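Spelled out from the first residue to the last, the chains are:
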Amino acid sequence: MTVDDVDRFESARPRLQAIAYRLLGSAHEAQDVVQETFLRWQAADADRIEVPEAWLTKVLTNLCLNQLASARARRETYVGRWLPEPLLAGDPMLGPADTAEQRESVSYAVLTLMERLSPNERAVYVLRQAFDYPHREIAEILDISEAASQQIFHRAKEHVARGRARNDIDDASARRIVEEFLAAATSGRTDELVRLLTADAVSMGDGGGKVPARTKAFEGAVAVAKFMRNLFKATDAKRAIVGGSPAMYAWVANGEPAVVAVVDGRVVTIICLEVTAEGITACRTQANPDKLERATEQWAAADHGEPLLVV
């Protein structure tokens, strides 16, 4: 392999990582399949590959499809509810964010909804919606017809749209939403939080068996408000679980307003808030430490200022 071959792959690495993350919902698994793609590239006869970008995308996508098939089996034995790994704003693995469609396709809400899609539906949706691949190229990548690619995309888009109400939010609005959410959650008054939630709001969490998290989602504004009020009550037992007193910050994760809880520079919890015009419709909490390692790395490099509060 020549230096040019290595450089060609490295120039494609950011795009490959972004595709893999959206397909797998895991930064760690995305890095693994990108590395495996590099090994395949290293073993190939690069001179005989006419379009390296297309070849790399095809290899990566098929590795991801294999990973998704095995992931479904692993998640059957996963302790508690499985949620994707959240990424903080600015992480290059989030990929393109030039259009509303691209930003929406990597939102935490949509990554969660994509778990309902088949591997092929997920691949077509990601390649078309987020990376604007033409159906002709998607068909070649997945070894299907162009008509099948169009049909799969239409079906996948419908599935995602049924579970999601789009609402593009800028950073300033996201911070205001988190500030109001934290103020209400720590006020000791359930009605303050109910006012911010939609009537059909839900709350779910992923602790991976390492941090306590209820398997069944809380449903309805009152139930969610009571849970969040109790969640933000400081106790010695909670401090023991995370290793200290969490500092709470307003941030953005996967394009959504997020509460980031940090202890001694380590991100211990990220709560992503799905927001519609009617209010907060979902609170998704990632507390599995295995899924917060990359967020901790990104947090160390971020200018995050002072916390809103310390619990």
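Right above here is the structure, for reference.
Note that this is a predicted model, so its numbers are computed, not measured.

A. View of the state of the cysteines. Counted by the stated rule, this structure contains 0 disulfides. Between C272, a free cysteine, and C283, which holds the nearest cysteine sulfur, the sulfur-to-sulfur gap is 10 Å. According to the relative accessible area criterion, C283 is buried, its value standing at 0%.

B. Fine view of the packing of helix α1 (residues 3-24) against helix α2 (residues 27-43). Put simply, α1 and α2 touch, their axes get as near as 8 Å, and they point 145° apart. The two elements α1 and α2 meet at a crossing, and its hand is right-handed. Contacts from D5, R8, F9, R13, L16, Q17, A20, Y21 and L24 of α1 reach α2 at A27, E29, A30, Q31, V33, V34, Q35, T37, F38 and W41. Grouping the constituent residues of the contact of α1 with α2 by class yields 11 nonpolar, 4 polar and 4 charged.

C. Representation of the nonpolar core in the model. Core analysis: the largest hydrophobic core is formed by 48 residues, its most contacted members being Y21, L60 and M114. Residue assignment for this core shows that the elements contributing at least two residues are α1, α2, α3 (52-75), α5 (108-113), α6 (119-130), α7 (135-142) and α8 (146-162). Of the residues forming this core, the biggest block, 9 residues, is contributed by α1. Those residues in contact with L60 that lie beyond four places of it in its chain are L16, I19, A20, V33, V34 and T37. Grouped together as the second largest cluster of nonpolar side chains are 32 residues, L193, F218, M228 and V268 included.

D. Examining the side chain of T269 more closely. When you line up the elements, T269 lands in strand β5 (residues 266-276). On the basis of relative accessibility, which here comes to 17%, the residue T269 falls in the buried class. Sequence-distant contacts of T269, that is, excluding residues within four places in its chain, are made with V259, V260, A261, T285, Q286, A287 and L292.

E. Broad picture of the pattern of salt bridges. The full count for this structure, using the stated rule, is 18 salt bridges. Ionic pairing is found between E10 and R13, a salt bridge with its closest N-O pair at 2.9 Å. Of this pair, E10 and R13 both sit in helix α1, separated by 3 residues, roughly a single helical turn. Notably, a salt bridge pairs E180 with R176, separated by 3.5 Å at the nearest N-O pair. Taken together, the residues span about one helical turn, with E180 and R176 both in helix α9 (residues 171-185) at a distance of 4 residues. With relative accessibility at 42%, the residue R176 sits in the partly exposed group. Salt bridges sharing common partners tie together R189, D191, E192 and R195.

F. Main features of the packing of aromatic side chains. Applying the stated criterion to the full structure yields 7 aromatic pairs. Centre to centre, the rings of F181 and F232 are 6.2 Å apart; their planes meet at 80°, and the pair counts as edge-to-face. Of this pair, F181 sits in helix α9 while F232 is found in the loop between α11 (221-231) and α12 (236-242), placing the two residues 51 residues apart along the sequence. Owing to a relative accessible area of 0%, F181 belongs among the buried residues under this scheme. Arranged with centres 4.8 Å apart and planes meeting at 70°, the rings of Y249 and W299 form a pair that is edge-to-face.

G. Up close: the packing of α6 against α8. At a minimum axis separation of 8 Å, α6 and α8 run at an interaxial angle of 90°. Here α6 lies roughly perpendicular to α8, going by the angle between them. Counted together, N120, E121, V124, Y125, R128 and Q129 of α6 and S149, I152, F153, R155, A156, K157, H159 and V160 of α8 form the full contact between these two elements. Residues that form the contact of α6 with α8 fall into these classes: 6 nonpolar, 4 polar and 4 charged.

Cut-offs applied
- Within any chain, residue numbers begin from 1 and follow the written order of that chain's sequence.
- Local features are withheld for residues below a pLDDT of 70 in this predicted model, meaning they are given only at 70 or higher, and side-chain atom pairs are given and counted only at 80 or more; totals for whole chains, interfaces and linings count all residues.
- For side-chain calculations, the full set of non-hydrogen atoms in the structure is used, while hydrogens and water are omitted.
- Here, a disulfide means two cysteine sulfur atoms that sit within 2.5 Å of each other.
- Accessible area is worked out with a 1.4 Å probe on protein chains only. A residue is then buried under 20% of its type maximum, exposed over 50%, and partly exposed in between.
- Convention adopted: a line fitted to C-alpha atoms gives each axis, helices being fitted over their contacting stretch, and angles between N-to-C directions are expressed from 0 to 180 degrees.
- Secondary structure elements are taken from DSSP: a helix is a run of H or I of four residues or more, a strand is a run of E of two residues or more, and numbering for both begins at the N terminus.
- Handedness of a crossing is defined here by the sense of rotation of the near helix relative to the far one, left-handed for an anticlockwise turn of less than a right angle and right-handed for a clockwise turn.
- A contact between two residues is defined here by any heavy atoms of the two lying within 4.5 Å.
- Residue type decides the class: Asp, Glu, Lys and Arg count as charged, Ala, Val, Leu, Ile, Met, Phe, Trp, Tyr, Cys and Pro as nonpolar, and the leftover types, Gly among them, as polar.
- Buried residues of nine kinds, namely Ala, Val, Leu, Ile, Met, Phe, Trp, Tyr and Cys, make up a nonpolar core once their side-chain atoms join them within 4.5 Å.
- Salt bridges, as used here, are contacts in which a Lys or Arg side-chain nitrogen is within 4 Å of a carboxyl oxygen on Asp or Glu.
- When the centres of two rings from Phe, Tyr and Trp lie within 6.5 Å, Trp using its six-membered ring, the rings pair. Their planes under 30 degrees apart give stacked, over 60 give edge-to-face, and anything left gives tilted.
- Roughly parallel refers to an angle under 35 degrees, roughly antiparallel to one over 145, roughly perpendicular to one between 65 and 115, and oblique to any angle outside these ranges.

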